[in-house]
Amino acid sequence: MSFLRRTAVAAAAFALAASGTVLGQTPASALENGLLRTPPMGFNNWNSTQCKADFNETMIRGIADIFVSKGLKDAGYTYVNIDDCWALPDRDAKGDLVPDPARFPHGIKALADYVHGKGLKFGIYTSAGTHTCNKAGFPGALGHEQQDANLFASWGVDYLKYDNCNNQGVDAQQRYKAMRDALAKSGRAIAYSICEWGQNKPWTWAAPVGNLWRTTGDISDKWSSMIGKAQANRGLAQYAGPGHWNDPDMLEVGNGGMTAAEYRTHFSLWAMMAAPLLIGSDLRKASDDSFSILKNTDVIALDQDPLGKQATVLRADAGLVVYSKVLANGDRAVALSNETAATATISTTASATGIGSAPSYTLKDLWSKAVRTTSGTISASVPSHATVLYRVSSGTSRYEAEAASLSAGGTVDSNHAGFSGTGFANGANAAGSYVEWQVTGPASALTFGYANGTTATRPVDISVDGTVVATGVPFPPTGAWTTWSTVSRPVALGAGPHTVRLTATTADGPANLDYLDLAS
């Protein structure tokens, strides 16, 4: 949040096409603090209360209670976060931040303990400047980074939202790296949210600094604001992944300024974009319809998919937008989103999503729960400001690499997040190193899930039943061992059992291999 926003953030001018076989630009290496391997889910009070008197420990305890009683915790919501105005305007004699005794008479540690007692996690807020964004002038952390990080750790804080107000013109990277380093030295694992509003294009530099970064200015509870944030964020897919996420700001679902259809669009697009799902409404007052949106587990599964791919835009034509998201099990999620004032038919095809060739596909509507099949066309009549959201499955059969055979020196590992199944095959670094699957045809294409955290392409020969069918197939760098991609090759595989082997042709060995998909 920033109560007195001083800037407007321009929409990112990216036009990216989804592909199951071609890599986008290489992202920066991620912050490897082991946290937020999927986007954070939880609550933040700012959108509903700002600094009004009802922001206090009674409210926050009540939110934690509702997480449990209403099933939000079971749906995956974890963080209960407080925003600005929790502290007194002055530090104490030791220079420490002091919780406002009127709002938090039992202190922040007691509140964190209460939240932890519910099996949840607790988050707090400050700014990377001399003061926070509220006009009352609460103290920020600039020049006090280690002192404040240590204090937060002593209170049991699990998540820090770090704002951008009153920054005195100090370079953004310098300020945000200072708190990153302070958190690392605090002795506690604290997820780090960079609330820099997208001013200095944090997506280009923040992956090694924070777990998520704001790509936009503050959201408000109206259609134009929400859809503007989606438009600014949706071109940044190449920068997101496990542990490092684009953040178009918090959810407004339940605050009352949009229609139910607009809120479903809001939730759908945030899930497609692998955005944080941080509830910004006062759940003590939320309607049953708001809870049904927030607890749609099929939509949440898209956001929390372990592959960590943000959706890309297949088509954006005069406010009719098609998004496609690659999922860990080989499925695709497709959103048909109507930003216009009139009902319109929006269409795409299964092949455009890169899912591979199949005689038919299963479409599950994640809001109506209706299931149907299609030979390839994905189309719907979409009302104004609504979004139809499908999960698309093909006749693909998946063979996990942890069940494959490896040549000497190869291991099955699980130390790099984002893989499908229970692990991945880490082949020996040697020419001739191989990974071999026993599969059952027929199939028209082979798709290999892989990660290559080096800067060198790792080529392989592909053989079927002992005969090489493709030589020197490149497995390009993915930017990090936690960033997974795919390589596909057509194949004429008859019915019955077959052996598929990938053999490295260089001394680097093969890339880390996650799975083999067969498309019929």
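For the structure, see preceding data.
Residues numbered from 1 in each chain as written. Predicted model: local features only at pLDDT ≥ 70, side-chain atom pairs only at ≥ 80, totals over all residues. Heavy atoms only, no water.

J.: Describe the overall build of the protein, listing the residues and the values that go with them.
T.: When helices and strands are tallied, the protein shows 10 helices and 25 strands. Against the globule reference of 24 Å for 520 residues, the protein gives a C-alpha radius of gyration of 24 Å, in line with a compact fold. Each principal axis of the C-alpha atoms in the protein carries an extent, and together these give about 75 × 55 × 40 Å. Burial status across the protein gives 58% buried among its 520 residues. For the protein, the proportion of contacts with a sequence separation of at least 24, taken over those separated by at least 6, is 73%. Surface accessibility of the protein: about 18,400 Å² in total, with carbon and sulfur atoms responsible for 51%. With 41 positive and 44 negative side-chain charges, the protein shows a separation of 2 Å between the mean positions of the two kinds. (Helix = DSSP H or I, 4+ residues; strand = E, 2+ residues; numbered from the N terminus. Rg over C-alpha atoms; globule rule 2.2 N^0.38 Å. Buried < 20%, exposed > 50% of the residue type's maximum accessible area, 1.4 Å probe, protein only. Contact = heavy atoms within 4.5 Å. Areas by Shrake-Rupley, 256 points an atom, 1.4 Å probe, with all protein chains shown as cover. Lys, Arg positive; Asp, Glu negative; His and termini not counted. Charge placed at Lys NZ, Arg CZ, Asp CG, Glu CD.)

J.: Any details on the environment of Val 170? Residues and values, ideally.
T.: Position of Val 170 relative to the elements: it lies in the loop between strand S4 (159-163) and helix H6 (172-184). Along the backbone, Val 170 and Asn 134 are 36 residues apart, and their C-alpha atoms lie at a distance of 19 Å.

J.: Residues and numbers for the packing of helix H2 (residues 57-69) against helix H4 (residues 107-117), please.
T.: Relative orientation of the contacting elements H2 and H4 amounts to 15°, with a least axis distance of 10 Å. Put simply, H2 runs roughly parallel to H4. Judged by the sense of rotation from one axis to the other, the crossing of H2 with H4 is right-handed. Counting all contacts with H2, which are made through Glu 57, Ile 60, Arg 61, Ala 64 and Asp 65, the residues of H4 involved are Gly 107, Ala 110, Leu 111, Tyr 114 and Val 115. Across the contact of H2 with H4, the residue classes break down as six nonpolar, one polar and three charged. (Axes fitted to C-alpha atoms, helices over the stretch in contact; angles between N-to-C directions. Parallel < 35°, antiparallel > 145°, perpendicular 65-115°, else oblique. Left-handed = near helix turned anticlockwise from the far one by under 90°. Nonpolar A, V, L, I, M, F, W, Y, C, P; charged D, E, K, R; others polar.)

J.: Residues and numbers for unusual backbone geometry, please.
T.: Cis geometry is found at the peptide bond from Gly 441 to Pro 442, where omega equals 10°. Looking at the element boundaries, Pro 442 is found in strand S21 (residues 434-451). Although it is not a glycine, Asp 249 adopts a positive phi angle of roughly 95°. Position of Asp 249 relative to the elements: it lies in the loop between strand S7 (245-247) and helix H8 (260-272). Asp 249 sits in the buried class, given a relative accessible area of 4%. Of note, Lys 369 is a non-glycine position whose phi angle comes to about 75°, a positive value. Along the chain, Lys 369 turns up in the loop between strand S13 (361-365) and strand S14 (371-374).

J.: Break down the state of the cysteines for me, with residues and values.
T.: Evaluation of the coordinates by the stated rule reveals two disulfides. In this model, Cys 51 is linked to Cys 85 through a disulfide, with the two sulfur atoms separated by 1.5 Å. The S-S bond linking Cys 51 to Cys 85 shows a torsion near 55°; that makes this disulfide right-handed. Here Cys 51 is found in the loop between helix H1 (46-49) and H2, whereas its partner Cys 85 is found in the loop between strand S2 (79-81) and H4, with 34 residues between them in sequence. The same class applies to Cys 51 as to Cys 85, namely buried. No disulfide involves Cys 195; its nearest neighbouring cysteine sulfur is the one of Cys 133, lying 7.1 Å away. Overall, the relative accessible area of 0% leaves Cys 195 in the buried class. (Disulfide = S-S within 2.5 Å.)

J.: Describe the pattern of salt bridges, with residues and values.
T.: Oppositely charged side chains can pair when the atoms bearing their charge come close. Taken as a whole, this structure holds 18 salt bridges when the rule is applied. Between Asp 83 and Lys 161 there is a salt bridge, and its shortest N-O distance comes to 2.8 Å. Residue Asp 83 is found in the loop between S2 and H4, and its partner Lys 161 is found in strand S4; the two are separated by 78 residues along the sequence. The class for Lys 161 is buried, based on a relative accessible area of 8%. Asp 249 is the partner of Arg 214 in a salt bridge, and the nearest nitrogen-oxygen pair spans 3.3 Å. A residue pair is termed long-range when its members are at least 10 positions apart, and Arg 214 in strand S6 (residues 212-214) and Asp 249 in the loop between S7 and H8 qualify at 35 residues. Accessibility classification places Arg 214 together with Asp 249 in one group, the buried group. Salt bridges sharing common partners tie together Arg 214, Asp 218 and Asp 249. (Salt bridge = Lys/Arg side-chain N within 4 Å of Asp/Glu carboxyl O.)

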